[in-house]
Amino acid sequence: MRDPLDIIYPSFKSFTITPADHVLRAGEKLLSTGNLSNAFDLYNIEICSLSYMYPADGLHCYGQYDDFHGDGKVFFRKTGRNDPDFEVFLKERQREVDRLLSKISLHNTYDGQLACLIEGRAGQLRPESLVVESNEWVRFISDGGGTVPDHLLGRHALIDLTPSSAEQKATYNQYIRKHVQQIIDSPQSLHWLIPQEYKGFRLNEGLRAFHDQLTRALDREESIRAEMRRLERHFGYQHLDNYLELLYPYSIKDIALWQSAVFASFRHGHVFDERRIALNVEEMKAFIHVQELYAYYKELHGLLFKPVGKVSVPPAIDNEGIEKVIETIMDGTRLSDFLSVPAPDIVHEHAFLHDLHNQPVECNIYHHKYGYKGFETKSLEPIVTSFLPVTSYQDPISGKYVYCQYYLPMLCTADEVSFFNKDGLQVIKVPFVQTNQRRHATNVADFRLICDREFTAKSLSDTPSVRLAFFEELHHHTLKLIELHRAKMQYSSGLDIALLALAQEFINYLAGEVQQLKKRKVERQEKQPTREIIGLFCRLLDRAGIRSRVPGEGIEELCRRICTEFKLAYSDKVRQHYSNSENKRNLRKVIEQLLPALSEADGELLQNYIKTLKAFQ
């Protein structure tokens, strides 16, 4: 059983073959199937998809390629170049490939296609297997390989969902993260041949164990500091000045060094960009291991810097998961995110060096530390470069590296428009654009953007009463975010005074909006006709012959009919005011408030009638 405070990531992965019960049942059923075509069909559906690339060693009834150390349960093995059973295998495999192609074609997005391919195939092979080879290639490999025929060069994959663009890498990493989370939460659901497990650090379990340890410690503060030093020494981030160079390699060869770079980047505030590298399952486990340890490190930091007399450890984390712990840690930054609005893209001119076909060029610019000869202009003058410090940036499409300043590609400058590398290849300068930028609000227009964003997110009906309730609730929400930010004192050395001042400006803006809405509400109420005015309106329409009473119709029926037609509120007080509300003040209110509801002709008739009344003189 793994120690919950063990911070060493287990690099050894167990490949112990232990078929799950459903695989065992399907395998035994397969062995009793006499027809080879039916056996392939059963194998493809319930044991392992035939779309995976198979060598010529054979197919085991549980889905492995080898013979399980000679247990005699290999149900198919190719015997020669012209083996008729191998043709049956290829036929059934083509059916499976066609099925996958048909399903994938129904999806227009990369994430849909990715999920369709991985989840649409039986078997427990690596989710990173995103290439489905053609039958011609399978035949070529099964026959022993050799020199690749011209017609197969670069054209032997029928399906290839290997992430290439930055967006695809981000989508792929999100999928792999969910896959690993499923391994953590429900490993049995992914068990086919090899039991799935995550042996990395778990934040909730680690905090429980450390809390228990602190109850027995003589000096709690020193114990917390010692635990933080243990993490720092393990990752050695103080001595890893080039951590940004190690974050996004073309392939991760030293997992421990890469984890140290990830921890150092977290420690220095760098946001890991999942658009720049695609992680496989084991690499994602290693990444989550570091994430959990860094969250643990921040919790220790928070315990250490609580106000005097409050250095107690919080109670054990319950089983609701890591999300609530991370949520607690991030509370201090929510106010900053809330008060942010979109900002223009940042364009770094001349950031990349491409060839004339706009393809990235491997950068070998001269530097005193690295000693590369460097790019030169046509007149062999060296290009002025800036290195402070030099870090590596991997182009998300080509996988090639360029040198850059901080985390951005470096700026190359030269007097001449055209220049060449040391091999005579002409290169051009290409800009680098940072998208999805955010900035803090600075004015009333920005505050309106924030309000519109929150209002749209809630899908509310746009009415004055709803707007008023929304602004009052937003005011309360902002106050809550301010309190959460103040609680950040547990996790950092001080408050962001400028951010709190901005939050107060936003609160003042909201208070002004609430005041305006209430003022307009009062104005609307003043403009709404009272029951007294509505009663007089009914009397005037009757007397002017515009809406006269029909034979047998009483005053109440007339008033109801007029209120219904003009969408006015009726009550018995309207009927009561029918006969005793005729004065100059009320007559003017009828003209101001109800005359616009009439047609132009009826309005003119009513206005002329009112002018004849003695009360109006």
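Here the structure is a predicted model, which is why all the values come from computation and not from measurement.

Rules and cut-offs
- Residues numbered from 1 in each chain as written.
- Predicted model: local features only at pLDDT ≥ 70, side-chain atom pairs only at ≥ 80, totals over all residues.
- Heavy atoms only, no water.
- Helix = DSSP H or I, 4+ residues; strand = E, 2+ residues; numbered from the N terminus.
- Contact = heavy atoms within 4.5 Å.
- Core = buried A, V, L, I, M, F, W, Y, C linked by side-chain atoms within 4.5 Å.
- Buried < 20%, exposed > 50% of the residue type's maximum accessible area, 1.4 Å probe, protein only.
- Salt bridge = Lys/Arg side-chain N within 4 Å of Asp/Glu carboxyl O.
- pLDDT = per-residue confidence, 0-100.
- Phe/Tyr/Trp six-rings, centres within 6.5 Å; stacked < 30°, edge-to-face > 60°.
- Lys NZ or Arg CZ within 6 Å of the ring centre and 35° of its normal.
- Axes fitted to C-alpha atoms, helices over the stretch in contact; angles between N-to-C directions.
- Parallel < 35°, antiparallel > 145°, perpendicular 65-115°, else oblique.
- Left-handed = near helix turned anticlockwise from the far one by under 90°.
- Nonpolar A, V, L, I, M, F, W, Y, C, P; charged D, E, K, R; others polar.

Peer 1: For this particular structure, what's the right way to read the environment of Leu499?
Peer 2: Secondary-structure assignment places Leu499 in helix 15 (residues 497-527). In this structure the C-alpha to C-alpha distance between Leu499 and Leu339, which are 160 residues apart in sequence, comes to 8.6 Å. Those residues in contact with Leu499, other than ones at most four positions away along the chain, are Leu335, Ser336, Leu339, His440 and His485.

Peer 1: Would you mind going over the nonpolar core with me for this structure?
Peer 2: Buried together is how nonpolar side chains tend to be arranged in soluble globular proteins. By size, the foremost hydrophobic cluster in this structure holds 62 residues, and its most contacted members are Leu117, Leu130, Ile224, Trp258, Phe272, Phe287 and Tyr296. Looking at which element gives the most residues to this core, the answer is helix 11 (residues 281-304), with 14 residues. The residues touching Phe272, leaving out its near neighbours within four places in the chain, are Leu247, Tyr248, Trp258, Phe266, Ile277 and Phe287.

Peer 1: What should I look at first to understand the pattern of salt bridges in this one?
Peer 2: For side chains bearing opposite charge, pairing can occur when the charged atoms are close. This structure, assessed with the given rule, holds 22 salt bridges. Note that Arg95 is salt-bridged to Glu92, the shortest N-O span being 3.0 Å. Of this pair, Arg95 and Glu92 are both found in helix 3 (residues 84-104), 3 residues apart, which corresponds to roughly one turn of the helix. According to the relative accessible area criterion, Glu92 is buried, its value standing at 6%. Between Lys518 and Glu472 there is a salt bridge whose closest N-O contact spans 3.9 Å. On the criterion of sequence distance, the pair formed by Lys518 in helix 15 and Glu472 in helix 14 (residues 464-486) is long-range, its members being 46 residues apart. For Lys518, a relative accessible area of 42% corresponds to the partly exposed category. Look at the salt bridges and you will find they share partners, linking Arg547, Glu565 and Asp602 into a network.

Peer 1: It is not clear to me how the confidence of the model for the protein should be interpreted in this structure. Could you clarify?
Peer 2: For the protein, the average pLDDT comes to 77, and 75% of its residues sit at 70 or higher. Low pLDDT, under 50, characterises residues 489-493; the stretch is placed with 13 contacts to residues that sit more than four places away or in other chains.

Peer 1: For this particular structure, what's the right way to read the environment of Ala157?
Peer 2: Within the secondary structure layout, Ala157 lies in strand 4 (residues 157-160). Look at Ala157 and you get partly exposed, because its relative accessible area is 34%. Separated by 20 residues in sequence, Ala157 and Trp137 place their C-alpha atoms 8.3 Å apart. Residues within four places of Ala157 in sequence aside, it is in contact with Val131, Val132 and Glu133.

Peer 1: Hey, could you run me through the packing of aromatic side chains in this one?
Peer 2: The relative placement of two aromatic rings is captured by the distance of their centres and the angle of their planes. A full pass over the atoms with the stated rule returns 24 aromatic pairs. Judged by centre distance (5.5 Å) and plane angle (75 degrees), the ring pair of Phe263 and Tyr297 falls under edge-to-face. Here Phe263, found in helix 10 (residues 255-267), pairs with Tyr297, found in helix 11; they are 34 residues apart in sequence, far enough to count as distant. On the basis of relative accessibility, which here comes to 3%, the residue Tyr297 falls in the buried class. Here the aromatic rings of Phe266 and Tyr294 are separated by 5.5 Å at their centres, their planes lie at 45 degrees, and the arrangement is tilted. A residue pair is termed long-range when its members are at least 10 positions apart, and Phe266 in helix 10 and Tyr294 in helix 11 qualify at 28 residues. By relative accessible area, which is 13% here, Phe266 ends up buried. Residue classification places Tyr294 among the buried positions, given a relative accessible area of 16%. In this structure an aromatic cluster arises from ring pairing among Phe235, Tyr248, Trp258, Phe263, Phe266, Phe272, Phe287, Tyr294 and Tyr297. Cation over ring: Arg121 sits above Tyr52, and NZ or CZ is 4.1 Å from the ring centre.

Peer 1: Is there a simple way to explain unusual backbone geometry in this structure?
Peer 2: Keep in mind that most residues, glycine aside, have a negative phi and that most peptide bonds are trans. Although it is not a glycine, Ser459 adopts a positive phi angle of roughly 55 degrees. Secondary-structure assignment places Ser459 in the loop between helix 13 (444-457) and helix 14. When its relative accessible area of 65% is taken as the criterion, Ser459 is described as exposed.

Peer 1: Can you help me understand the side chain of Glu283 in this one?
Peer 2: Mapped onto the fold, Glu283 is located in helix 11. Since its relative accessible area comes to 13%, Glu283 is described here as buried. Setting aside its immediate chain neighbours within four residues, Glu283 contacts Ile252, Ile255, Trp258 and Ala278.

Peer 1: So what exactly am I meant to see when it comes to the packing of helix 10 against helix 11 here?
Peer 2: At a minimum axis distance of 10 Å, the contact between helix 10 and helix 11 shows a crossing angle of 40 degrees. Our classification of the angle between helix 10 and helix 11 gives oblique. Handedness of the helix 10/helix 11 crossing: right-handed. Contacts between helix 10 and helix 11 involve Ile255, Trp258, Gln259, Val262, Phe263, Phe266 and Arg267 from the first element and Glu283, Ala286, Phe287, His289, Val290, Gln291, Tyr294 and Tyr297 from the second. Residues belonging to the contact of helix 10 with helix 11 are distributed by class as follows: 10 nonpolar, 3 polar and 2 charged.

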